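One letter stands for each residue in the lines below.
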Amino acid sequence: MFELSHHALLWAQALGFISMAVGWWANSQKNDRQLLSGNLIASSLTAVHLGLLGSSLGMFNQLLNLLRFATCRTRSHQRGLPALFSSIALLQGWIFAEHWSEWCAVASAVLMSFALFYSSGAKLRSAIMISNLLNLTLSVYLSSWSGIVYQVVTLLILTRSLIPHKRAQRFDEQTA
């Protein structure tokens, strides 16, 4: 890992906070297309942020996220894409992972490779929650202030968005 000057570190953290705001907006959307589009933008900003903080794996993982979000937004559900994206994530881990928290980010990437193509609505948001828990470990390891705050608040946003789904599901079960 390389060392950033204090000034450069502050700029890297600021970029993370911008990405965080975009991600929060995206994850608060009820429309899946807006959720995916916002996360595409947030992934590109986060890639630069993590690269500046010294995580090559984090940077390449976010670039892979960007490609996944872009591809699944077009809804071109080619059967091999989730397996291809998962394989790339595992290869990135093999090449770049230096800490167990980076393997958590790889696990997150594998999960999202399938969830983005095969899930929607509440199931997609639940997968994103698990992904955020896994990515939280990397944010803590890298001391990414925005990453830590982003992951925790996003978990709260997604939990809140899932509550109406659970209530409706329970109501449907009770009336059946």
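Residues numbered from 1 in each chain as written. Predicted model: local features only at pLDDT ≥ 70, side-chain atom pairs only at ≥ 80, totals over all residues. Heavy atoms only, no water.

Quick look at the confidence of the model for the chain now. Confidence in the prediction of the chain, expressed as mean pLDDT, is 86, and 89% of residues score 70 or more. Per-element confidence in the chain is highest for helix H4 (residues 81-96), whose mean pLDDT is 94, and lowest for helix H7 (residues 145-175), whose mean pLDDT is 78. (pLDDT = per-residue confidence, 0-100. Helix = DSSP H or I, 4+ residues; strand = E, 2+ residues; numbered from the N terminus.)

Looking now at empty space enclosed by the protein. A full pass over the atoms with the stated rule returns 1 cavity of 30 Å³ or more. Roughly 440 Å³ of volume is contained in the largest cavity. Taken together, 33 residues make up the lining of the largest cavity; nearest its centre are Gln 62, Asn 65, Asn 135, Tyr 150 and Gln 151. By residue class, the composition of the lining of the largest cavity is 11 nonpolar, 21 polar and 1 charged. (1 Å grid on protein atoms, 1.4 Å probe; cavity = no way out; pocket = protein on both sides within 12 Å on 5 of 7 lines; lining within 4 Å. Points joined across faces, edges and corners; volume = space filled by probe spheres on them. Nonpolar A, V, L, I, M, F, W, Y, C, P; charged D, E, K, R; others polar.)

Next up on the list: the pattern of salt bridges. By the definition in use, this model includes 1 salt bridge. A salt bridge links Arg 125 to Asp 32, with the nearest nitrogen and oxygen atoms 2.7 Å apart. Pair noted here: Arg 125 is in helix H6 (residues 121-142) and Asp 32 is in helix H2 (residues 32-52), with a separation of 93 residues, a long-range link. On the basis of relative accessible area, Arg 125 is assigned to the buried category, the value being 4%. The exposure class of Asp 32 is buried, given its relative accessible area of 16%. (Salt bridge = Lys/Arg side-chain N within 4 Å of Asp/Glu carboxyl O. Buried < 20%, exposed > 50% of the residue type's maximum accessible area, 1.4 Å probe, protein only.)

Below, the discussion takes up the packing of helix H3 (residues 56-73) against H4. Two elements in contact, H3 and H4, have axes whose closest approach is 10 Å; the angle formed by their N-to-C orientations is 170°. With respect to H4, the element H3 is oriented roughly antiparallel. Two secondary-structure elements touch here, H3 through Ser 56, Leu 57, Phe 60, Asn 61, Leu 64, Leu 67, Arg 68 and Thr 71 and H4 through Leu 81, Phe 85, Ile 88, Ala 89, Gln 92, Gly 93 and Phe 96. In the contact of H3 with H4, the residues fall into 9 nonpolar, 5 polar and 1 charged. (Axes fitted to C-alpha atoms, helices over the stretch in contact; angles between N-to-C directions. Parallel < 35°, antiparallel > 145°, perpendicular 65-115°, else oblique. Contact = heavy atoms within 4.5 Å.)

Along its 16 residues, H4 runs 22 Å from first to last C-alpha, staying within 8% of the 22 Å computed at 1.5 Å per residue. On its buried side, H4 packs onto H3 and helix H5 (100-118). (Expected span 1.5 Å × (residues − 1).)

Looking at the secondary structure, you find Ser 126 in helix H6. Given a relative accessible area of 32%, Ser 126 falls into the partly exposed group. Note: C-alpha distance between Ser 126 and Leu 162 (36 residues apart in sequence) is 7.9 Å.

Next up on the list: the nonpolar core. Membership of the largest hydrophobic core comes to 21 residues, with the highest contact counts inside it found for Leu 36, Met 112, Leu 116, Phe 117, Leu 124 and Ile 128. Residue assignment for this core shows that the elements contributing at least two residues are H2, H3, H4, H5, H6 and H7. When residues of this core are assigned to their parent elements, the largest contribution, 5 residues, is made by H5. Non-local contacts of Ile 128, meaning those with residues more than four positions away in its chain, are made with Asn 27, Leu 35, Met 112 and Leu 158. (Core = buried A, V, L, I, M, F, W, Y, C linked by side-chain atoms within 4.5 Å.)

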